[in-house]
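Results of the structural survey
Spelled out from the first residue to the last, the chains are:
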Amino acid sequence: MKLEEIKITMLGTTGAGKTSYLLGMYAVMQTGIKGFTLAAKEMDLDLELTQRWEKLISLKGEDRWPTPNAATMEYYGFDFSYGFRPLMGFEWLDYRGLALSDRSTEQDVADLVQYLTESQCLFLGISGEYLTSPIAPTTVREIKSDRMNQFIQQYISVNKNPNPKNPFPVAIVITKYDLCHHRDKDEIITDVKKLFQALFTPNSGWLVMICPVSLGKELCNDPDNANIIPVNVHLPVVFAVYSQLRAYGLKLKSQRDRQTLALETIKQSNPLLQLLKNSELQAKSTQLQTCEAEIVTVEENMKLLSGELQQASLYFNGSEVTADV
Ligand SMILES: Nc1nc2c(ncn2[C@@H]2O[C@H](COP(=O)(O)OP(=O)(O)OP(=O)(O)O)[C@@H](O)[C@H]2O)c(=O)[nH]1
Ligand SMILES: [Mg+2]
């Protein structure tokens, strides 16, 4: 089984920590979590990301951090595998977060919008530095959540038409969580839900994960010198793959139901007709078996991934849910 290749967009203003997150996520997933691994599709890309990560973990001082992105788009292709068997490919875009606040006449804004409309999964990167105390009217502008909501409304809601039967996955990634770690987690979640209310409305079809991530617990004390020990950085990607599997599983199940019905119809027809349709009957039951076997594989993989997702908060149609099969 190999799922269709998807595109993921991480929205987030400049300084939200998008590039740092990408580097940390790749480093952790390259080694792997429970047999799931990530590999860059191109060897040179792998080298580039690894070198940038090495710099981040070994250098001390502000030079360790990536430089803010310029107006050129950087596209990265990855394979997500289980035991080295590729499960799903995805493409990632790293861009200048300032594009979120720029006019749509800028080329990179147009490129970002294009990529967003083609994406099957959305990450919203919001920095923990703006969640250190209860949100105020200024928070919306600091995080640029108003712009993000606008992007979702205009380019995802309209194009993808999420609904309970065709959910759209969104991971709200609270980056630099070390900076707001002192606060009660439930209070932070309540604040985040306020910032993106529309994603939590009943029957709206959004499958949302809220996930705190950080490149190191001690970074809040001294970001330029503290040790880098990433926390949770794999979860958003696990969620992206999980939600694709979930959608694929739903598709297979409705296919199975249609095939079962067709088979039953032939079986209930008169014996002569059955004899005439014998080869069709054979073919249809083979198809059904293949489909059922595939459902089993999908569910096995979902089970492996959902185990990891128990650590994050998941919402579907506005209600909290647990990741299951
Ligand atoms: N405390 C803390 N600081 C972090 C963490 N990750 C990144 N930072 C800080 O956040 C700054 C910005 O991170 P970037 O990854 O460059 O942000 P970006 O979203 O890619 O920004 P643009 O490229 O301008 O869009 C870094 O220079 C670090 O100082 C983290 O996990 N914890
Ligand atoms: Mg960047």
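The structure presented is a predicted model; accordingly, all values stated were derived computationally and were not measured.

1. Structural notes on the overall build of the protein chain
In terms of regular secondary structure, the protein chain is built from 9 helices and 9 strands. Computed over the C-alpha atoms, the radius of gyration of the protein chain is 22 Å, within 12% of the 20 Å expected from 2.2 N^0.38 for a compact globule of 325 residues. Taken along its principal axes, the extent of the C-alpha atoms in the protein chain is 80 × 40 × 40 Å. With 325 residues in all, the protein chain has 32% of them scored as buried. Considering only residue pairs separated by 6 or more positions, the protein chain has 75% of its internal contacts joining residues 24 or more positions apart.

2. As for the site of ligand 1
Inspection of the region around ligand 1 gives 22 residues, with Thr-19, Ser-20, Trp-65, Pro-68 and Gly-97 positioned closest. In the shell around ligand 1, the residues fall into 9 nonpolar, 9 polar and 4 charged.

3. Structural notes on the domain arrangement of the protein chain
When the parts of a complex come together, some accessible area is lost, and that lost area is often used as the size of the interface. Per the domain assignment, the segments of the protein chain are domain 1 (6-245) and domain 2 (250-308). Computed over C-alpha atoms, the centres of domain 1 and domain 2 are 38 Å apart. Opposite the 9 residues of domain 1 that make contact, domain 2 presents 7 residues. Counting residues per element, the side of domain 1 that touches domain 2 draws most heavily on helix α7 (residues 235-268), at 5 residues. When the residues that make up the side of domain 1 that touches domain 2 are grouped by side-chain class, the tally is 8 nonpolar, no polar and 1 charged.

4. Focus on unusual backbone geometry
Residues other than glycine seldom take positive phi values, yet Phe-84 does so here, at roughly 70°. Structurally, the position occupied by Phe-84 is in the loop between β3 (74-82) and β4 (85-94). Phi at Lys-144 takes a positive value of approximately 65°, unusual for a residue other than glycine. Position of Lys-144 relative to the elements: it lies in the loop between α4 (137-143) and α5 (145-160). Note on Lys-144: 24 C-beta atoms within 10 Å, which makes it buried.

5. What to know about the packing of helix α3 (residues 107-117) against α5
One way to put it is that α3 packs onto α5 with a least axis distance of 9 Å and a crossing angle of 40°. Judged by the twist between their axes, the crossing of α3 over α5 is right-handed. Every residue of α5 that contacts α3 at Val-113, Leu-116 and Thr-117 is listed here: Phe-151, Tyr-155, Ile-156 and Asn-159. A per-class count over the contact of α3 with α5 returns 5 nonpolar, 2 polar and no charged.

6. A word on the pairing of strand β8 (residues 313-316)
Here is the key point about a regular strand: its side chains alternate between the two faces of the sheet. Relative to β8, strand β7 (residues 206-212) is paired through 4 bridges, and the arrangement is antiparallel. Within β8, the position partnered with Ile-210 by the bridge is Ser-313. Both β8 and strand β9 (residues 319-321) contribute to a ladder of 3 bridges, which runs antiparallel. In the sheet register, Leu-314 faces β9, and the bridge partner there is Val-321. Between the end of β8 and the start of β9, which pair antiparallel, lie 2 residues, with Asn-317 showing a positive phi angle near 55°.

7. Quick notes on the nonpolar core
Ranked by internal contacts, the top residues of the largest apolar core, which has 71 residues, are Ile-172 and Cys-211. Per-element accounting of this core gives the leading share, 8 residues, to α7. Each residue touching Ile-172, except ones within four places of it in the same chain, is listed here: Leu-124, Ile-126, Val-192, Phe-196, Val-208, Met-209, Ile-210 and Cys-211.

What counts, and at which threshold
Residues numbered from 1 in each chain as written. Chains lettered and ligands numbered in written order. Predicted model: local features only at pLDDT ≥ 70, side-chain atom pairs only at ≥ 80, totals over all residues. Helix = DSSP H or I, 4+ residues; strand = E, 2+ residues; numbered from the N terminus. Rg over C-alpha atoms; globule rule 2.2 N^0.38 Å. Buried ≥ 20, exposed ≤ 12 C-beta atoms within 10 Å, placed from the backbone. Contact = placed C-beta atoms within 7 Å. Near = placed C-beta within 6 Å. Nonpolar A, V, L, I, M, F, W, Y, C, P; charged D, E, K, R; others polar. Domains from an automatic or database assignment. Axes fitted to C-alpha atoms, helices over the stretch in contact; angles between N-to-C directions. Left-handed = near helix turned anticlockwise from the far one by under 90°. Pairing = 2+ DSSP bridges. Core = buried A, V, L, I, M, F, W, Y, C linked by C-beta atoms within 7 Å.

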